[in-house]
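Each chain, letter by letter, is given below.
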Amino acid sequence: MTDNPFYRLSPFIQEYIYRHGWTELREIQVEAAHVLFDTDSHLLLASGTASGKTEAAFLPVLTQLQQQPSSSVGVLYIGPTKALINDQFYRLQGLLQEADIPVWHWHGDVGRSSKERLVRQPKGVLQITPESLESLLINRTQVLQPIFHDLRYVIVDEVHVFMGSDRGLQILAQLQRLARYAKQEPRRIGLSATLGDYALAEQWLGSGSKRTVVTPRISAGGQSVRLALEHFQRPDEEDKEKPLPPAQADPYYRYIFGVTRPGKALVFSNNRAQTETVTASLRQIAEAEQLPDVYHVHHGSISAPLREAAEAAMRDPETDAVTAATVTLELGIDLGQLERVVQLEAPLAVSSFLQRLGRSGRRGGPMEMWFVTSETEKTGGEALPEMLPWQLLQSIAVIQLYLEERWIEPIESSQLPYSLLYHQTMSLLAQGEQTPRALAQKVLTLPPFKAVHPEDFRQLLLYLLDIDHIQRTEEGGLIIGLTGERVVRNFKFYAVFADNEEYTVQDESREIGSIIQPPPPGERFALAGRTWEVLEIDPKRKLVQVKQISGRASVSWKGTCGRVHGRILQRMRQVLFEDKEYRYLQPQARERLREARQLAAAHRLDQRNILPLGGQTFAILPWMGTRSYRTLDRSLRMLGRGRFSIYGIGGVAPHFFTLLADTDSSEILQQAIVRQVMGLETGESLVALNESPRLQKYDEFVPAPLLRKAFIHDHLDVKEMKSVVKAWE
């Protein structure tokens, strides 16, 4: 009996388990309890969505906190979104209602009075975003020791979201800074449903710590999966010459309308613009058919009340609801019983596919996802690469990589995060004056900056002195300068991800959300799945007054292609040439794939990567990931400056290039490109000496030589590019 960790849990937790009808602890909960009760290691829990990871972490931790109460906040939970924190907050409240363990949430939507109560009586569990934690470190220096001196555990949820981003590196820096206020090193628990490389995740979670990281190997569950993929050829919605037709006349939207009703459905897209367009279209069809309006939008530019209304509608078991969302609902929020998930266009990653699929099947039913891909209708005058259904191919590749190999992208972090270096330097100086030596010691010992050379940091400090972001005191210390003060004291400083200056949209006094650039008064735009006419714009207050009108309108955001791993591109190529049928393909998708395979065979795309398009025009199908594609693009432009002239370079990243060359022979062109690429040793020659790409939020405050160095190191991949190009020979 003593081997069963259930009997080691506190009575209030045992009672909670009985009350919820659990017959036994799940495997992941048993394994987590053994690690947390019997070792002093960090813990990484990696298993599928809805597998009980949250309970696996919290049940033993709360048991220890109840048996040995902490004299400060005992558990710090870091989540990627306000919505996820709110969801976990209410779940924990139910668990802890009979125990003397308070749970607090702290982010921009939480009232000041709640935060002040925590500051006065710090104990229990604190749930927070990285941005709010940064604010706490800067603005509440005097209470950090009382709040965190007896911190026992740090739980980082959705680890895969943070890894590979400046936001994740920010967390590692924050944990190291917090450790200075705790009397003991807190144990870390990382939670994730989609990890491709456990070793990388363990390394990330343990950064800057002396403890080992344990990852229990959990057997895969037997939950069934239902998949379907349909494909459409559609008019160009961005063609300003043609008015948008009624949605009910478009087979694409009719299909989405059909697969999302009745019941509960999440419609995922890769950008905010598409969520707006699909919601407005589904709402228009429902209105035409005199059916109820059950449609919602959920993304970062929708107001908090409307996002919360969408979440509440999805949880309500008595009503139908359809919500179109971006990554904001991709994470671990429990939305109750979903009938299905719909994915518009190809996911950018296998990990994203799995996260989104995992939103369904949470009450014992099968996980279900309907892919809907599209391409612009062909007129007959397109070049060969434009004739391929790239979104269809990418969707199949993503699905097959997981079904066949259980492959998930490995996540890589930036090695030279100079934007974050600026941010953490200013954040530490905001806490008070530092000598240059003390500042360097504090900053460069933070885990994200282990590859940063002290001379680089010295160069940054000298530059910040020049632009008045920092100043020297008479005693030789460093403080924030007047110009830097305006940056640090803005609430947007707490976030390390780039944001846009958006206008708040109001319908009378009700906030709808925000847009980047409003159209002039009298014109219309889409937001929250509805159409609005601009009444008045207040540039000083960044405020747009609107009224709701009928009809469809354009949207106010442009999506980006994101980053696609090279394995996905290689699997897409395989899809074109393998003699395999995929059972989840629907009729139009099956027929379109057959056409694409015939086209690829006719043009021998399995034997060549450079295709003549007529005259001195060529296409290149490199079949390489985004970083390598970017590197090859620069290599081609170098050839354009040399004796072998290449110009007019275009294409669609990372699928294909188009270009003009001073030759009519694809063989000669290929030899020149292969020779050029194989002669490269590093990316140094691909970036001009005076070039300093600004890609991250605070790059404008980083010296140009450091930006150039970071771009070469973190955004180009000569090694992978060469390995792919070598196979062309």
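For the structure itself, consult the block above.
Because the structure is predicted, anything quoted here is derived from the model rather than measured.

Reading guide: rules and limits
Residues numbered from 1 in each chain as written. Predicted model: local features only at pLDDT ≥ 70, side-chain atom pairs only at ≥ 80, totals over all residues. Heavy atoms only, no water. Helix = DSSP H or I, 4+ residues; strand = E, 2+ residues; numbered from the N terminus. Rg over C-alpha atoms; globule rule 2.2 N^0.38 Å. Buried < 20%, exposed > 50% of the residue type's maximum accessible area, 1.4 Å probe, protein only. Contact = heavy atoms within 4.5 Å. Areas by Shrake-Rupley, 256 points an atom, 1.4 Å probe, with all protein chains shown as cover. Lys, Arg positive; Asp, Glu negative; His and termini not counted. Charge placed at Lys NZ, Arg CZ, Asp CG, Glu CD. Core = buried A, V, L, I, M, F, W, Y, C linked by side-chain atoms within 4.5 Å. Polar contact = N/O pair within 3.5 Å; in protein donor to acceptor, adjacent residues only side chain to side chain. Pairing = 2+ DSSP bridges. Axes fitted to C-alpha atoms, helices over the stretch in contact; angles between N-to-C directions. Parallel < 35°, antiparallel > 145°, perpendicular 65-115°, else oblique. Left-handed = near helix turned anticlockwise from the far one by under 90°. Nonpolar A, V, L, I, M, F, W, Y, C, P; charged D, E, K, R; others polar. 1 Å grid on protein atoms, 1.4 Å probe; cavity = no way out; pocket = protein on both sides within 12 Å on 5 of 7 lines; lining within 4 Å. Points joined across faces, edges and corners; volume = space filled by probe spheres on them. Phe/Tyr/Trp six-rings, centres within 6.5 Å; stacked < 30°, edge-to-face > 60°. Lys NZ or Arg CZ within 6 Å of the ring centre and 35° of its normal.

Undergrad: Please clarify how the overall build of the chain should be interpreted in this entry.
TA: Broken down by element type, the chain carries 25 helices and 24 strands. For 729 residues, the compact-globule estimate of 2.2 N^0.38 gives 27 Å, and the C-alpha radius of gyration of the chain, at 27 Å, lies within 12% of that figure. Sorting the 729 residues of the chain into buried and exposed places 57% on the buried side. Residue pairs at least 24 apart in sequence account for 73% of intrachain contacts in the chain once pairs closer than 6 positions are excluded. Accessible area of the chain: about 31500 Å², with a carbon and sulfur share of 48%. Between the averaged position of the 83 positive side-chain charges in the chain and that of its 88 negative side-chain charges there is a distance of 3 Å.

Undergrad: I would appreciate a short explanation of the nonpolar core in the present structure.
TA: Within soluble globular proteins, side chains that are nonpolar tend to cluster in buried spots. Ranked by size, the top nonpolar core spans 91 residues in total, and within it Leu62, Val125, Ile189, Leu229, Phe353, Ile396 and Ile568 carry the most contacts. Per-element accounting of this core gives the leading share, 8 residues, to helix H15 (residues 390–405). Ignoring anything within four residues of it in the chain, the contact list for Phe353 reads Leu227, Pro347, Met369, Phe371, Val398, Ile399 and Tyr402. Core analysis: the next-biggest nonpolar cluster, separate from the first, contains 69 residues, Ile147, Leu420, Leu464 and Leu478 among them.

Undergrad: Is there a simple way to think about helix H11 (residues 251–259) in this case?
TA: For an α-helix, 3.6 residues make a turn, and residues three or four places apart therefore share a direction. For H11, the complete set of buried residues consists of Tyr252, Tyr253, Tyr255, Ile256, Phe257 and Val259. Looking at the buried residues of H11, the elements they touch are strand E8 (225–234), helix H12 (272–288), strand E10 (295–298), strand E12 (340–344) and strand E13 (367–376). Looking at where H11 begins, the residue whose side-chain oxygen comes 2.9 Å from the main-chain nitrogen of Tyr252 is Asp250.

Undergrad: What should I look at first to understand the sheet that holds strand E22 (residues 617–620) in this one?
TA: Pairing is antiparallel across the open sheet formed by 4 strands, whose spatial order is E21-E22-E24-E23. The open sheet is flanked by strand E21 (610–614) and strand E23 (646–652), the only strands paired with a single partner. In this sheet, adjacent strand axes meet at a mean angle of 25° when their direction is disregarded. Bridging between E23 and strand E24 (residues 656–661) involves 5 bridges; their strand directions are antiparallel. Across the sheet, residue Tyr647 finds its bridge partner in E24, namely Leu660.

Undergrad: Mind showing me how you'd approach the sheet that holds E13 here?
TA: Strands belonging to one sheet form pairs held by backbone hydrogen bonds; the direction of such a pair is parallel or antiparallel. Pairing in this open sheet of 6 strands is parallel, and the strands run E8-E13-E12-E9-E11-E10 from one edge to the other. Across the chains shown, the open sheet's two edge strands, defined by having one partner strand only, are E8 and E10. Direction aside, the axes of adjacent strands within the sheet are offset by 20° on average. For E10 and strand E11 (residues 321–325), the ladder comprises 4 bridges, and the chain directions are parallel. Across the sheet, residue His298 finds its bridge partner in E11, namely Ala325. Across the sheet, helix H14 (residues 350–357) lies against E8, strand E9 (264–268), E12 and E13, angled at about 130° from E13, the strand it touches most.

Undergrad: When you look at the packing of helix H16 (residues 418–429) against helix H17 (residues 436–444) in this model, what are you seeing that I'm missing?
TA: Between two packed helices, both the angle of their axes relative to each other and the distance between the axes serve to describe the pair. The geometry of H16 relative to H17 is characterised by a closest axis approach of 10 Å and an angle of 125° between their N-to-C directions. The orientation of H16 relative to H17 falls into the category oblique. Of the two elements, H16 crosses H17, and the hand of that crossing is right-handed. Facing H16, whose interface residues are Leu421, Thr425, Leu428 and Leu429, H17 presents Leu439, Lys442, Val443 and Leu444. Among the residues forming the contact of H16 with H17, the class breakdown is 6 nonpolar, 1 polar and 1 charged.

Undergrad: So what exactly am I meant to see when it comes to empty space enclosed by the protein here?
TA: The gaps left among the atoms become clear once a water-sized probe is rolled over them. Within the structure shown, the criterion is met by 1 cavity of 30 Å³ or more. In this structure, the largest cavity encloses a volume near 40 Å³. Among the elements of the structure, helix H2 (27–38) and helix H3 (53–67) are those that each provide at least two residues to the lining of the largest cavity. Here the lining of the largest cavity gets 4 residues from one element, more than from any other, and that element is H3. Here the lining of the largest cavity is composed, by residue class, of 7 nonpolar, 1 polar and 1 charged.

Undergrad: Which parts of the structure should I look at to understand the packing of aromatic side chains?
TA: The description of an aromatic ring pair uses the distance of the two centres, along with the angle that the planes make with each other. Enumeration over the complete set of coordinates arrives at 17 aromatic pairs. Members of the aromatic cluster, connected to one another through ring pairs, are Phe232, Tyr252, Tyr253, Tyr255 and Trp370. Against the face of Tyr402 rests Arg406, its NZ or CZ located 4.6 Å from the ring centre. Sitting over the ring of Trp407, Arg567 keeps its end group 5.5 Å from the ring centre.

Undergrad: I'm lost on the packing of helix H18 (residues 454–466) against helix H24 (residues 704–715) in this one. Help?
TA: Between H18 and H24, the least distance of the axes is 10 Å, while the angle of their chain directions is 140°. As far as their axial angle goes, H24 and H18 are oblique. Together, Asp456, Gln459 and Leu460 of H18 and Pro705, Leu706 and Lys709 of H24 make up the contact between the two elements. Looking at the contact of H18 with H24 residue by residue, the class counts come to 3 nonpolar, 1 polar and 2 charged.

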